[in-house]
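Read off the chains here:
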Amino acid sequence: MMEKKSEKPKEEVLPDKTNIYDKIKPESTEIPEEIAVLALKDVVVFPQMVTALGVTTKNELKLLDTVLATNRFVVLVAQKDPDKEKLDTSDLYEIGTASIVLQMLRMPDNTAKMLVQGIARVRIKKFTDTDPFFKAKVKVVEDVLDKAGVEIEALATNAKNQFTKMVSISPHLPEELKIVVVNIEPPGRLADLITSHLNISIPEKQEILELLNVKKRLQKVNAFINNELQVLELAS
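The structure displayed is predicted, hence computed values, not measured ones. (Residues numbered from 1 in each chain as written. Predicted model: local features only at pLDDT ≥ 70, side-chain atom pairs only at ≥ 80, totals over all residues. Heavy atoms only, no water.)

### Brief notes about the nonpolar core
Counting 71 residues, the largest nonpolar core has F163 and I194 as the members making the most contacts within it. Residue contacts for I194: discarding those within four places in its chain leaves A159, F163, V181, V221 and I225. (Core = buried A, V, L, I, M, F, W, Y, C linked by side-chain atoms within 4.5 Å. Buried < 20%, exposed > 50% of the residue type's maximum accessible area, 1.4 Å probe, protein only. Contact = heavy atoms within 4.5 Å.)

In structure tokens, the structure reads:
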């Protein structure tokens, strides 16, 4: 009698029944007051940023299932110590990014990958639950623009020029970033996009996320660009 060959488990893709890619408009999306919170070890997600994240623990999978069954919203917050496994609320930064889960892919090993898009900076006001996953009441925090528009424009122009130069000599950054950066107008968004591609630490990226004053954010980002550019020029 012939043995029946066991079939390889298939990856399950969550169907995108709402065409969510086309419907999301971050600037007009209403953030729920209470929202699930997912701790991140090695990444800081910024508003407007689209990124893929791994979901590995049972509680994270419960969080993902709950989020997908309700409004798709989740707050993504970096944890202060990436090596710590059992987290308390004090192990998370206060500022994170409210995001929408665009798509989820279930893997054969009972883990999952999800594609998320950052929507807005939020401040965690109060944790309302910790089991089986974190939930919190949050408040959206807006960019602060100084009246010195000319100075902000100059900082933004310098950031664009220096980052474009950096892309030209970096072996790890795609050339398409030049076009993307040149065409971004909001200065706060420009600073966020550039920061997401810089080779800096998680605490340094978190510092940029927490800088609500756009002028100060651009000043800090320009300093990071200049440091990284010097390293690349010395190595080339």
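### What to know about the side chain of K205
Tracing the backbone through its elements, the reader meets K205 in helix α6 (residues 202-210). For the buried residue K205, which engages in no salt bridge, the nearest side chain bearing the opposite charge is E228, 8.3 Å off. A distance of 3.4 Å separates the side chain of K205 from the backbone oxygen of L198, its partner in a polar contact. (Helix = DSSP H or I, 4+ residues; strand = E, 2+ residues; numbered from the N terminus. Lys, Arg positive; Asp, Glu negative; His and termini not counted. Salt bridge = Lys/Arg side-chain N within 4 Å of Asp/Glu carboxyl O. Polar contact = N/O pair within 3.5 Å; in protein donor to acceptor, adjacent residues only side chain to side chain.)

### Re a positive patch on the surface
On the surface, a cluster of positive charge is made up of K125, K126, K137 and K139. Elements supplying a minimum of two residues to the positive patch: β6 (112-129) and β7 (134-140). Following the sequence through the fold, K139 ends up in strand β7. With relative accessibility at 52%, the residue K139 sits in the exposed group. (Patch = residues over 30% accessible without salt bridge, like charges linked within 9 Å, V, L, I, M, F, W, Y side chains within 5 Å. Areas by Shrake-Rupley, 256 points an atom, 1.4 Å probe, with all protein chains shown as cover. Charge placed at Lys NZ, Arg CZ, Asp CG, Glu CD.)

### Digging into unusual backbone geometry
For the peptide bond that leads from D131 to P132, omega is 5°, which places it in the cis range. When you line up the elements, P132 lands in the loop between β6 and β7. Backbone geometry at Q48 places phi at a positive 80°, although glycine is not the residue there. Mapping Q48 onto the fold places it in the loop between β2 (34-40) and β3 (50-55). Given the relative accessible area of 29%, Q48 is considered partly exposed. Phi is positive for N110, close to 65°, though the residue is something other than glycine. By the element assignment, N110 lies in the loop between β5 (95-106) and β6. A relative accessible area of 61% means that N110 is categorised as exposed.

### What to know about the packing of α6 against helix α7 (residues 214-235)
At a minimum axis separation of 9 Å, α6 and α7 run at an interaxial angle of 155°. One finds that α6 runs roughly antiparallel with respect to α7. When the axes of α6 and α7 are compared, the crossing they make is left-handed. Contacts from E204, E207 and I208 in α6 reach R217, K220, V221 and F224 in α7. (Axes fitted to C-alpha atoms, helices over the stretch in contact; angles between N-to-C directions. Parallel < 35°, antiparallel > 145°, perpendicular 65-115°, else oblique. Left-handed = near helix turned anticlockwise from the far one by under 90°.)

### Quick word on the pattern of salt bridges
For the coordinates displayed, the defined rule picks out twelve salt bridges. Salt-bridge contacts for D91 lead to K84; the nearest nitrogen and oxygen are separated by 3.1 Å. The exposure class of K84 is partly exposed, given its relative accessible area of 33%. A salt bridge links E207 to K220, with the nearest nitrogen and oxygen atoms 3.5 Å apart. Of the two residues, E207 sits in helix α6 while K220 sits in helix α7, which places them 13 residues apart along the sequence. Judged by relative accessible area, K220 falls into the partly exposed class, the value being 31%. Salt bridges sharing common partners tie together R121, D143, D192 and R217.

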